[in-house]
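# Descriptive structure summary
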Amino acid sequence: MNFITENFLQHYWWFLVSLLGALLVFLLFVQGGQSLLFTIGKTELQQKMLINSTGRKWSFTFTTLVTFGGAFFASFPLFYSTSFGGAYWVWIVILFCFVLQAVSYEFMSHKGNFLGKKTYQVFLIINGLLGPLLIGTAVGTFFNGAEFFVNKANITEFGMPVISRWANAWHGLEAAANVWNLFLGLAVFFLSRVLALLYFINNVNDNAIDLKCRKQLWIETALFLVFFLAFVGRLLFADGVAYNPNAEIGQQFAVEPLKYLNNLLQMPVVLVIMLIGVVLVLWGIIKTLLSKGFFKGIWFAGCGTVLTVLALLLCAGWNNTAYYPSNADLQSSLAIANSSSSFFTLRTMMFVSFLIPFVLVYIFFAWRALDIPKINAAEMEDEKQISY
């Protein structure tokens, strides 16, 4: 197994982290569905069907988010300590949003809850609005950078061995001041609503909801394409930060024009993955819009979402690219080579990661079991069938 070098393991774990991130973006359709609760559900019965539909899947999203953070911590701890320790306000708000979601699904249907069902529905809408927007904005810093300093020599300081520190008092909230971070956040937000509409069409057996979803899909798709195409178009012509492992310390990072376009051209497999993903997303949407009897758009668009996001994240970290550029000090930027765990840790975790396919198979069968049969009005009349 001579091919298992530290460089191989760093690329392997960035792939796994990127895959988890891509799965998370797909699963944000739960948040998208929550944000559409009162837009699609005009009656109490319709709202109950929509909440029950997303209520059967919210734990998948939450678990993937936690796993994504855990994988980052284990494989690239310097990013974890820098971003989660420095830009903590963003992550605290994101965590709070998901706590609201968990509390809402747990207590909404309990009889005698003192807040009332409507309050918990508002909590779900808050999570649906802020969750995808903030996650997308935070991921935007992978391409547009953040305000931080890194000095590994500080680890020897007896009084305060802090390697990373934030360059301002906003601690991550300044990411929202970057218009391109917001564009990605809005693209993720509207994508979550597009996927939610496709999921409702597939999962809820109600003619009125189906009609409203197909009508709303035109609006959400248009808004998603505006922000996504703007972000990707700008990214292809933007400068990036390249990492040179052979350069002297203090000179390893340099600005490279058209870095992300070069990455796609120099990694044709990643480019093909991205193109296939975009085509699948568009096919799932267009086929659903043009064919009233088509209900499987979520699977085409969902698979396309995973492939597209995977390609973008690989583009951010592979090919000697700084996946977390520092806008305060260029040489403090993070690449997979200078922020990963030790060779022993990465290799040990690699063997553990071989269990992932079994977990995915379990999720597939659990998902399928939850979706049989489709949610309908008659089912909602039986309180024992309520899943939230």
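What follows is about unusual backbone geometry. One non-glycine residue, Asn319, lies in the positive phi region at around 60°. In this structure, Asn319 sits in the loop between α13 (297–317) and β5 (322–324). Given the relative accessible area of 23%, Asn319 is considered partly exposed. In this structure, Asn320 takes a positive phi of about 55° despite not being glycine. By secondary structure assignment, the location of Asn320 is in the loop between α13 and β5.

Let us look at the state of the cysteines. Here a disulfide denotes a covalent bond joining the sulfur atom of one cysteine to the sulfur atom of another. Applying the stated criterion to the full structure yields 0 disulfides. The structure places no disulfide on Cys303, whose sulfur is separated from the nearest cysteine sulfur, that of Cys213, by 20 Å. The class for Cys303 is partly exposed, based on a relative accessible area of 45%.

The computed volume of the largest pocket comes to approximately 1100 Å³. As for the largest pocket, its lining consists of 37 residues, of which Leu23, Val359, Leu360, Ile363 and Phe364 are closest to the centre. If you list the elements that add at least two residues to the lining of the largest pocket, you get α1 (6–27), α5 (58–75), α9 (179–203), α13, α14 (343–353) and α15 (356–370). Looking at which element gives the most residues to the lining of the largest pocket, the answer is α15, with 8 residues. Among the residues making up the lining of the largest pocket, the classes are represented as 25 nonpolar, 8 polar and 4 charged. What the second largest pocket holds in volume is close to 780 Å³. Together, 42 residues line the second largest pocket, and Leu24, Val25, Phe68, Ile135 and Val139 are the ones closest to its centre. A total of 7 residues in the lining of the second largest pocket trace back to one element, the largest contributor, which is α5. For the lining of the second largest pocket, the residue count by class is 36 nonpolar, 6 polar and no charged.

The biggest cluster of nonpolar side chains holds 101 residues, and the ones touching the most others in it are Trp14, Phe72, Phe76, Tyr323 and Tyr324. When residues in this core are grouped by element, the largest group, 14 residues, is from α9. Leave out the neighbours within four places in its chain, and Phe72 touches Trp14, Val17, Pro77, Phe79, Phe142 and Tyr323. In terms of nonpolar packing, the next biggest core, distinct from the first, is built from 5 residues, Tyr243, Phe253, Ala322 and Ala335 among them.

The next subject is the side chain of Ser75. Following the sequence through the fold, Ser75 ends up in helix α5. A polar atom in the side chain of Ser75 sits 2.5 Å from the backbone oxygen of Ala71. For Ser75, the contacting residues outside a window of four places in its chain are Trp13, Val17, Ser339, Ser340, Ser341, Leu346 and Met349.

Right, let's get into the pattern of salt bridges. A side chain with one charge can pair with a side chain of the opposite charge if their charged atoms come near. As enumerated under the stated definition, the model contains 3 salt bridges in all. For Arg193, the salt bridge is made with Glu220, and the minimal N-O distance between the two is 2.9 Å. On the criterion of sequence distance, the pair formed by Arg193 in helix α9 and Glu220 in helix α10 (residues 207–236) is long-range, its members being 27 residues apart. Glu256 is paired through a salt bridge with Lys259; the nearest N and O atoms lie 3.7 Å apart. Judged by relative accessible area, which is 22%, Glu256 ranks as partly exposed. Among the residues examined, Lys259 registers a relative accessible area of 3% and is labelled buried.

Our next topic: the packing of aromatic side chains. In the structure shown here, the tally under the stated rule is 40 aromatic pairs. Sitting over the face of the ring of Phe295, Arg214 holds its NZ or CZ atom 5.4 Å from the ring centroid. The ring centre of Phe294 lies 5.8 Å from the NZ or CZ of Lys287, which sits over that ring.

The next subject is α14. Where α14 is concerned, the buried positions are Leu346, Met349, Met350 and Ser353. All buried residues of α14 project into a common sector of 115° when viewed along the axis, lining one side. Facing away from the buried side of α14 by over 90 degrees, the exposed positions are Phe344 and Val352.

Conventions we followed
Residues numbered from 1 in each chain as written. Predicted model: local features only at pLDDT ≥ 70, side-chain atom pairs only at ≥ 80, totals over all residues. Heavy atoms only, no water. Helix = DSSP H or I, 4+ residues; strand = E, 2+ residues; numbered from the N terminus. Buried < 20%, exposed > 50% of the residue type's maximum accessible area, 1.4 Å probe, protein only. Disulfide = S-S within 2.5 Å. 1 Å grid on protein atoms, 1.4 Å probe; cavity = no way out; pocket = protein on both sides within 12 Å on 5 of 7 lines; lining within 4 Å. Points joined across faces, edges and corners; volume = space filled by probe spheres on them. Nonpolar A, V, L, I, M, F, W, Y, C, P; charged D, E, K, R; others polar. Core = buried A, V, L, I, M, F, W, Y, C linked by side-chain atoms within 4.5 Å. Contact = heavy atoms within 4.5 Å. Polar contact = N/O pair within 3.5 Å; in protein donor to acceptor, adjacent residues only side chain to side chain. Salt bridge = Lys/Arg side-chain N within 4 Å of Asp/Glu carboxyl O. Phe/Tyr/Trp six-rings, centres within 6.5 Å; stacked < 30°, edge-to-face > 60°. Lys NZ or Arg CZ within 6 Å of the ring centre and 35° of its normal. Arc of directions from axis to C-beta.

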